[in-house]
Amino acid sequence: MTLTAKNIRTVYIDQDVQDLPNIQPILDYFQGVPREVVDGPTAVFRRVAEAPDPISVAKEVLFLTKNKGAFVRKCPGTKEYTCCGYQILHIGTFCTMDCSYCVLQAYFHPPALQFFVNHEDLFSELDQVLESRNPEIRRIGTGEFTDSMIWEPWSGLSHRLVERFGRQDHAVLELKSKTVNIQGLDKLSHNRKTIMAWSVNTPEVIATQERNTAPLHARLAAAAKCESWGYPLAFHFDPMVIYPGCEQEYEKVVDLIFDHVSPENVVWISLGTFRFMPDLKAVIESRFEKSKIVYGEFITGLDNKMRYFKPLRIKLFQVMAAALKKRAPQAAAYFCMEDDEVWRKSFNQTPDLPSLLDQSAQRVCFIK
């Protein structure tokens, strides 16, 4: 579900940004929605926090504000597990969709749909990063603290980002989504430097745990359309949920992906099983009464998150590794936050992960 005037009850405008040139087009789009100028985020956060269900209310409140910190920042990985070296482009927070497992429910206190509108600052910082050609900043994405595409078409940000990355040859941009909101991507000068990515799961998990998201067949149809427009692709099986028969169901998703798109055009595919901060359990139990995902065989991981018992993870990963090798042997398949033992028992290697993914990006995205 994208963010539209139909699902927003109030637009709050931070007084620090009310005179920025890109504010008025946004307000024109949300014409008819009540709006209020506020002095910073305190009033917005207080009103959300005081609601009976703050998380649901947060999904109906849009706060236009300024990012006062860094726009480009390292992914908050953990030293105990292998990290891919991803860089986040911080465009906003939270999401209109409602997935039971979403870490953002417990990560932000309280959550809020914040969209950072100081885009001149964003592009100034991004220009410096790209022009520095820092070898550690080669893969940048907007889908860590939010969904990349819920802010379209009214923000115009993805359009600007795609064309900015298309004018350089150092890094790639990844736009990751569970929506099919791709209409504005056609005919952009992307120069294959933007990777369109989708989070995918089994139909069972999507139907029971991912409220207000696009069904799997629609996501894959959108991926095929983006491929027809020349975009490289990526897919993220994260979080994978373990349940009876899940191995076969996830194998079927792999086959469905490559029934829709060309394996040669896929840059990377990530794998990660469901893991959660202990605080998230109570949130899921309260907001998703029918969900059973927190009652699996979990142990406390090295990062203090609850994780499936390692042999269960490895069993599923081995099935996926074989399926991906069969259908897409050239695509870089990797784990998000797993240790060396899991890598060895699933992929028979413990790679230099940032280098592996950089090489895959070079192979697919930097075609002359």
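None of these values were measured; they are calculated from a predicted model.

Colleague: How would you summarise the environment of I206 if you had to cite specific residues and measurements?
Modeller: Along the chain, I206 falls in helix α7 (residues 203–209). Given the relative accessible area of 9%, I206 is considered buried. Between the alpha carbons of I206 and E120 there is a distance of 37 Å; along the sequence they are 86 residues apart. With residues near it in sequence (within four places) discarded, I206 still touches N201, T213, A214, P215, L216 and R219.

Colleague: Can you break down the sheet that holds strand β3 (residues 61–65) residue by residue, with the values?
Modeller: Read from one edge of the open sheet, 5 strands run β2-β1-β3-β8-β6, paired in mixed fashion. Of all strands in the sheet, those with a lone pairing partner are β2 (35–38) and β6 (92–93), marking the two edges.

Colleague: I'd like a description of the environment of F94, backed by residues and values.
Modeller: With respect to the helices and strands, F94 occurs in the loop between β6 and β7 (98–99). Classification of F94 by relative accessible area gives buried; the value is 1%. Each C-alpha atom, one on F94 and one on Y107, is 9.6 Å from the other, the two residues being 13 residues apart in sequence.

Colleague: Can you break down the sheet that holds strand β17 (residues 306–308) residue by residue, with the values?
Modeller: Sheet architecture is open: 3 strands sit in the order β15-β17-β16, paired in antiparallel fashion. Every other strand in the sheet has two partners, leaving β15 (275–276) and β16 (298–300) as the edge strands with one partner each. Taken together, the 2 bridges between β15 and β17 define a ladder with antiparallel strand orientation. Considered in β17, the bridge of F276 is made with M306.

Colleague: Could you give an account of the pattern of salt bridges, with specific residues and numbers?
Modeller: Under the definition given, this model contains 24 salt bridges. The partner of D98 in a salt bridge is R287, and the shortest N-O contact between them spans 3.0 Å. Here D98 is found in strand β7, whereas its partner R287 is found in helix α10 (residues 278–287), with 189 residues between them in sequence. Comparing D98 with R287, the two get one shared label, buried.

Colleague: Can you explain the nonpolar core? Please cite residues and give values.
Modeller: Counting 122 residues, the largest nonpolar core has L62, L64, W198, F235, F237 and W268 as the members making the most contacts within it. Per-element tally for this core: the top contributor is helix α11 (residues 310–327), with 7 residues. Ignoring sequence-local partners within four residues, the contact set of F237 consists of V200, Y250, V253, V254, I257, I269, S270, L271, G272 and M320. Counting 5 residues, the second-largest nonpolar core is a separate cluster that includes Y12, V38, V44 and V61.

Colleague: Describe the packing of helix α5 (residues 119–132) against helix α6 (residues 157–165), and please don't skip the residues or the numbers.
Modeller: Interaxial distance between α5 and α6 falls to 12 Å at its minimum, and their mutual angle equals 20°. One finds that α5 runs roughly parallel with respect to α6. Crossing handedness for the pair α5 and α6: right-handed. Residues H119, E120, L122, F123, L126, D127, L130 and E131 of α5 form the contact with α6, whose participating residues are L157, R160, L161, R164 and F165. Residues that form the contact of α5 with α6 fall into these classes: 7 nonpolar, 1 polar and 5 charged.

Calculation criteria
Residues numbered from 1 in each chain as written. Predicted model: local features only at pLDDT ≥ 70, side-chain atom pairs only at ≥ 80, totals over all residues. Heavy atoms only, no water. Helix = DSSP H or I, 4+ residues; strand = E, 2+ residues; numbered from the N terminus. Buried < 20%, exposed > 50% of the residue type's maximum accessible area, 1.4 Å probe, protein only. Contact = heavy atoms within 4.5 Å. Pairing = 2+ DSSP bridges. Salt bridge = Lys/Arg side-chain N within 4 Å of Asp/Glu carboxyl O. Core = buried A, V, L, I, M, F, W, Y, C linked by side-chain atoms within 4.5 Å. Axes fitted to C-alpha atoms, helices over the stretch in contact; angles between N-to-C directions. Parallel < 35°, antiparallel > 145°, perpendicular 65-115°, else oblique. Left-handed = near helix turned anticlockwise from the far one by under 90°. Nonpolar A, V, L, I, M, F, W, Y, C, P; charged D, E, K, R; others polar.

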